[in-house]
Amino acid sequence: MKTLHGKVVVVTGAAMGIGRALAERAVLEGACGVVLADISHDLEKTAASLRHEGLGDATIISVRTDVSRLSDLERLLHITLEHFGTVNVLFNNAGVGGGDGAKSVVHADLAKWEWVMGVNFWSVLYGCHVFGKWMISRAKADAAFEAHVCNTASMAAYISGFLGAYSASKSACVAVTERLLQDIFDADVFPQIGVSCLCPAMVVTNILNQSKYEANRGERAPTADEVNAFSRMPGAIKPDAVAEAVYDALRKGDILYINTHAAVTDFAIRARADTVCKASVPVAQLRKNAKALRGAMSKL
């Protein structure tokens, strides 16, 4: 997809962070329609802000969406088609961290594990199933039609399962993305339809804090210092930089894995692959890694 000019873009998790940056960049890139989907009460505020900024000529609509529900994703596609008649780009971007109860397996808060898997995994599968099926059908009927699906995973998909539900859900997200690409190959509609998996490391968002202190779970609200935790982490980048990397990949069309922190990702993949190939349990190294990660995560 060489250009987004005149295209229709759907973004889940669009109220803030990476999602907002992806939506804003879509407007700047010349999209004619941008659909913001989120469950957050900030959704309409974000939509109004993007309209007020006047970055482009896109028609911007917001659709309150619980991405963990298949019916909501079906409704999202229906509303998009009602307004614009088509959809060219889907960003399955909504995500949550889960907090302490979603880290351990033995001491798991199973309700939080289900919540994290619902938002981070099932929503991606639902989005790929609902929108992917429509895109493939459209591509078969119209040789000029172009589309792209980008799923937001995480570098956590490549490293150890230290983050529990988050790691598990993001690993599953990578696998779903790879299977979607195979479906597109099987339908013989590549490169009309492209697929990417975004795997960022440290990004200046409040995903972990927002998830950890979700108000409807009766936990305290985060302090300002906690909300800005990622901004103090070495190597953390802003959502705008992530969006730039994503749209660069879309224009190239054949990039499956979008790694915003290439050096970190490369190290993580090699370290894990080495452990898998040795087929052993490196107890000392795992303990060392866990201690280092625990120290970093305690600052969040």
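This text gives an overview of the structure that appears in the document. Just so it is clear, the structure is predicted and the values come from calculations on it, not from any experiment.

1. Description of the pairing of strand E2 (residues 33-38)
Every regular strand shows the same layout, with side chains that alternate between the two sheet faces.
Here is step 1: Of all six residues that make up E2, six are buried, and the element is covered over most of its length.
Here is step 2: Residues of E2 alternate between two faces, with Gly33, Val35 and Ala37 on one and Val34, Leu36 and Asp38 on the opposite face, all of them buried.
Here is step 3: As paired strands, strand E1 (residues 8-12) and E2 are joined by five bridges and run parallel to one another. If you follow Thr12 over to E2, its bridge partner there is Ala37.
Here is step 4: In the classification by handedness, the crossover that spans E1, the intervening helix H1 (residues 17-28) and the parallel E2 is right-handed.
Here is step 5: Where E2 and strand E3 (residues 59-64) come together, six bridges link them in parallel fashion.

2. Topic: the sheet that holds strand E5 (residues 147-152)
Here is step 1: Taken in spatial order, the seven strands line up as E3-E2-E1-E4-E5-E6-E7 in an open sheet, and their pairing is parallel. A single partner strand is all that each edge strand has here, and the edge strands are E3 and strand E7 (257-258).
Here is step 2: The pairing of E5 with strand E6 (residues 193-198) spans six bridges and is classified as parallel. Each bridged residue has a counterpart across the sheet, and for Ala147 the counterpart in E6 is Ile193.

3. Things to note about unusual backbone geometry
Here is step 1: A cis amide bond links Phe190 with the next residue in sequence, Pro191, at an omega value of 10°.
Here is step 2: Position of Pro191 relative to the elements: it lies in the loop between helix H5 (165-186) and E6.
Here is step 3: Its identity is not glycine, yet Asp188 carries a phi of approximately 60°, on the positive side.
Here is step 4: By the element assignment, Asp188 lies in the loop between H5 and E6.
Here is step 5: Residue Asp188 is classed as exposed on the basis of its relative accessible area of 66%.

4. Observations regarding the environment of Asp254
Here is step 1: Topologically, Asp254 is positioned in the loop between helix H8 (239-252) and E7.
Here is step 2: In this structure Asp254 comes out as exposed when scored by relative accessible area, which is 60%.
Here is step 3: In this structure the C-alpha to C-alpha distance between Asp254 and Pro191, which are 63 residues apart in sequence, comes to 7.8 Å.

5. Some words on the pattern of salt bridges
Here is step 1: According to the stated counting rule, one finds 11 salt bridges in the structure shown.
Here is step 2: Of the charged contacts in the structure, one is a salt bridge between Asp186 and Arg179, with a shortest N-O distance of 3.2 Å.
Here is step 3: With relative accessibility at 53%, the residue Asp186 sits in the exposed group.
Here is step 4: Of the charged contacts in the structure, one is a salt bridge between Arg251 and Asp248, with a shortest N-O distance of 2.5 Å. Pair noted here: Arg251 and Asp248 are both in helix H8, with a separation of three residues, about one helical turn.

6. Digging into the side chain of Asn120
Here is step 1: Tracing the backbone through its elements, the reader meets Asn120 in helix H4 (residues 110-141).
Here is step 2: When its relative accessible area of 0% is taken as the criterion, Asn120 is described as buried.
Here is step 3: A polar contact of 3.1 Å, which involves the side chain of Asn120, links it to the side chain of Ser169.
Here is step 4: Those residues in contact with Asn120 that sit more than four places away from it in its chain are Ala94, Gly95, Val96, Tyr166, Ser169, Lys170 and Cys173.

7. Describing the side chain of Thr177
Here is step 1: For Thr177, the position within the fold is in helix H5.
Here is step 2: With residues up to four places along the chain from it excluded, the contact list for Thr177 reads Asn151, Val195, Ser196, Cys197 and Leu256.

8. What about the pairing of E1?
Here is step 1: Across the five residues that make up E1, a large majority, five, are buried.
Here is step 2: Along E1, one buried face is formed by Val8, Val10 and Thr12 and the opposite face, lined by Val9 and Val11, is buried too.

9. Topic: the packing of aromatic side chains
In this description, an aromatic ring pair is defined by two values, namely the gap between the centres and the angle between the planes.
Here is step 1: For the structure on display, the rule yields five aromatic pairs.
Here is step 2: A ring pair is formed by Trp134 and Phe145, whose centres lie 5.8 Å apart and whose planes are at 80°; its orientation type is edge-to-face. One end of the pair, Trp134, is in helix H4; the other, Phe145, is in the loop between H4 and E5, and 11 residues separate them in sequence. Assigned by exposure class, Trp134 and Phe145 land together as buried.

10. Some words on the nonpolar core
Here is step 1: Counting residues in each nonpolar core, the largest one holds 53 residues, and the members touching the most others are Leu76, Phe131, Met135 and Ile193.
Here is step 2: At the level of secondary structure, the elements contributing two or more residues to this core comprise E2, E3, helix H3 (70-84), H4, E5, H5 and E6.
Here is step 3: When near neighbours in sequence (up to four residues on either side) are disregarded, Ile193 contacts Met135, Ile136, Ala139, Ala147 and Ile184.
Here is step 4: With 31 residues, the next largest nonpolar core counts Val9, Val34, Ala58 and Cys150 among its residues.

Calculation criteria
- Residues numbered from 1 in each chain as written.
- Predicted model: local features only at pLDDT ≥ 70, side-chain atom pairs only at ≥ 80, totals over all residues.
- Heavy atoms only, no water.
- Buried < 20%, exposed > 50% of the residue type's maximum accessible area, 1.4 Å probe, protein only.
- Helix = DSSP H or I, 4+ residues; strand = E, 2+ residues; numbered from the N terminus.
- Pairing = 2+ DSSP bridges.
- Right-handed = clockwise from strand over helix to strand, strands pointing away.
- Salt bridge = Lys/Arg side-chain N within 4 Å of Asp/Glu carboxyl O.
- Polar contact = N/O pair within 3.5 Å; in protein donor to acceptor, adjacent residues only side chain to side chain.
- Contact = heavy atoms within 4.5 Å.
- Phe/Tyr/Trp six-rings, centres within 6.5 Å; stacked < 30°, edge-to-face > 60°.
- Core = buried A, V, L, I, M, F, W, Y, C linked by side-chain atoms within 4.5 Å.

Purely geometric stuff here, so don't read any function into it on its own.
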